[in-house]
Amino acid sequence: GNMVEWCLPQDIDLEGVEFKSMASGSHKIQSDFIYFRKGLCFGLACFANMPVESELERGARMKSVGILSPSYTLLYRYMHFLENQVRHQLEMPGHYTHLEAFYDDKKGVLPDSKGTPSSQQPVHWLPSIHRYMYPEMKITHPAGCMSQFIKFFGEQILVLWKFALLRKRILIFSPPPVGVVCYRVYCCCCLANVSLPGLGGTVPESKPFFYVNVADIEMLETEVSYVACTTEKIFEQKRDLYDVYVDNQNVKTHHEHLQPLLKINNADKEKYRRLNDQRQMLMYSQEVGEDCSSCEEDLFILFFMEQNNRIFQTLMEVSASQDKTLTADHARGMGLDPQGDRSFLMDLLEVYGIDVMLVIDNPCCT
């Protein structure tokens, strides 16, 4: 099985990290990267698999080199270093000088989520695995994860957007490699960004858990909202752990009251068309050299943040009005379908505790 071979500092609790830093099924692939959560920290590990002529290692040497930090937002900066180090560890096992120097240089530098240096120092470790080597599969590490996210899910991102905004427990399944799927977790969380002050202090936080495995089941049982990915098919049967299950591009839910949200309506199609139009304009402006500073990731995040702000601004204005009545015109003004998004709106009002009366007629009653 997996074991932690080396770590700094040596007194840190790393229980289970040897399984988080190597996704189940990684023995079938040549290299991968993986984001995960360990307690209050986030980790990034790079995995590599090398054939060796050793009976003891059963023909394959597999290792992961990773770091832990209170924040996941800066971990990507160290991807290249980790990739180099895991290759170095495969070729020269037991030489930790570079890792020690990296730790001494970086400890206490990575900020926590509030942007201040944390007293909880980053941790560096090296799990090692020896198993029979299966046929290799190569992976490229995508630079534009938002672009890939949109291309992969297409209009389905509007379905994921609604579930993310409702703070549902979203679990994404995929066989290895898992690095790209960790990006999908991040993108999914970005769909729910809201920048209005004073909104929903009681609303559960949207937590990116990144990669999870069976060892995380007990922890997931206590969570009311998260986005995570897994390579373990067994999770599909554990319906009490998730609200929404994503298998490749197939988004599904076993909750009957959430079924209407799976259907793409006209307002969703219009939003998707607008998003693509803005992406095309961005690409054109970059081609003609007008604006190379704009980034597709910013465009994507801003598109959904503005959409979310518009919805909540309208809902708060209506709740502050005298009659507190939300009409079909309000729904259309928020970019929603008065009929198709009725159940979504009702759930939204309940989750965020907004006191509004919905008077959108049901089509069967007209």
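Refer to the structure above for everything that follows.
Residues numbered from 1 in each chain as written. Predicted model: local features only at pLDDT ≥ 70, side-chain atom pairs only at ≥ 80, totals over all residues. Heavy atoms only, no water.

So, about the nonpolar core. In this structure, Ile157 and Leu315 are the most contacted members of the largest nonpolar core, which totals 96 residues. Element by element, the count of residues in this core is highest for helix H9 (residues 296–320), at nine residues. With residues up to four places along the chain from it excluded, the contact list for Ile157 reads Phe149, Ile150, Leu191, Tyr272, Leu275, Phe300 and Phe304. Of all hydrophobic cores here, the second largest spans 12 residues; its members include Phe173, Tyr226, Phe235 and Leu241. (Core = buried A, V, L, I, M, F, W, Y, C linked by side-chain atoms within 4.5 Å. Buried < 20%, exposed > 50% of the residue type's maximum accessible area, 1.4 Å probe, protein only. Helix = DSSP H or I, 4+ residues; strand = E, 2+ residues; numbered from the N terminus. Contact = heavy atoms within 4.5 Å.)

Examined against the element boundaries, Cys188 turns out to sit in helix H6 (residues 179–190). Assessed through its relative accessible area of 0%, Cys188 is described here as buried.

So, on to the pattern of salt bridges. If you walk through the whole model with that rule in mind, you get 15 salt bridges. Between Arg273 and Glu270 there is a salt bridge, with the nearest N and O atoms lying 2.6 Å from each other. Taken together, the residues Arg273 and Glu270, both in helix H8 (residues 266–287) and three residues apart, mark about one turn of the helix. With a shortest N-O distance of 3.9 Å, Lys324 and Asp355 are connected by a salt bridge. (Salt bridge = Lys/Arg side-chain N within 4 Å of Asp/Glu carboxyl O.)

Turning our eyes to something else, we now look at the state of the cysteines. A covalent bond between the sulfur atoms of two cysteines is what we call a disulfide. Using the criterion set out here, one finds zero disulfides in the structure. With no disulfide of its own, Cys189 lies 6.6 Å from the sulfur of Cys188, the closest cysteine sulfur. Of the residues examined, Cys189 reaches a relative accessible area of 9% and is grouped as buried. Distance from the sulfur of Cys190, which forms no disulfide, to the nearest cysteine sulfur (Cys187) is 6.1 Å. Since its relative accessible area comes to 6%, Cys190 is described here as buried. (Disulfide = S-S within 2.5 Å.)

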